[in-house]
Amino acid sequence: ISEQFDDIFGSLPDSFHKSDVLRRALRTLDANPEETIIIGDTKFDIIGGKEVGILTLGVLWGFGSQKELLENGADLLANSPNHILKILKEHFS
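Below is a summary of the structure that appears in this document. What you see is a predicted model; the values in this text were computed from it and never measured.

Notes on unusual backbone geometry
Excluding glycine, a negative phi dihedral is what most residues carry, and trans is how most peptide bonds are arranged.
1) Next: Phi is positive for Asp30, close to 50 degrees, though the residue is something other than glycine.
2) Next: Among the secondary structure elements, Asp30 is positioned in the loop between α1 (18–29) and β1 (37–40).

Considering the pairing of β1
1) Next: Only one face of β1 is buried, namely the one carrying Ile38 and Gly40, since none of Ile37 and Ile39 on the opposite face is buried.
2) Next: Pairing geometry for β1 and strand β2 (residues 55–59), over four bridges, is parallel. Residue pairing in the sheet places Ile38 in a bridge with Thr56 of β2.
3) Next: Handedness of the crossover is the feature at issue here: the chain leaves β1, passes through helix α2 (residues 43–52), returns alongside β2, and the resulting connection is right-handed.

Some remarks on the pattern of salt bridges
Pairing of side chains with opposite charge becomes possible as their charged atoms draw close.
1) Next: Applying the stated criterion to the full structure yields four salt bridges.
2) Next: The shortest N-O distance in the salt bridge between Asp45 and Lys18 comes to 2.8 Å. You can see Asp45 sitting in helix α2 and its partner Lys18 sitting in helix α1, a full 27 residues away along the chain.
3) Next: Residue Asp45 is classed as buried on the basis of its relative accessible area of 8%.

Criteria and cut-off values
Residues numbered from 1 in each chain as written. Predicted model: local features only at pLDDT ≥ 70, side-chain atom pairs only at ≥ 80, totals over all residues. Heavy atoms only, no water. Helix = DSSP H or I, 4+ residues; strand = E, 2+ residues; numbered from the N terminus. Buried < 20%, exposed > 50% of the residue type's maximum accessible area, 1.4 Å probe, protein only. Pairing = 2+ DSSP bridges. Right-handed = clockwise from strand over helix to strand, strands pointing away. Salt bridge = Lys/Arg side-chain N within 4 Å of Asp/Glu carboxyl O.

Take a look at the structure:
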């Protein structure tokens, strides 16, 4: 599966918060925030995405509830992996 990704990022001792990890990923990949999305299942994913100014998509089959995702500002919600694909095509094609 690793060939499907340019890189994989996670917490480090100096970048513990989601926004720190996202900033490092954006910088490392020289990614345009306007062309970037975080797909996550918790409020921490949504909050981190908001803090760095990227689109946020909450998924409804993980740890967080729909209410929690919306209360923290999720831009979009998906109820299935196929729904994610539809959303990505709509926003990034």
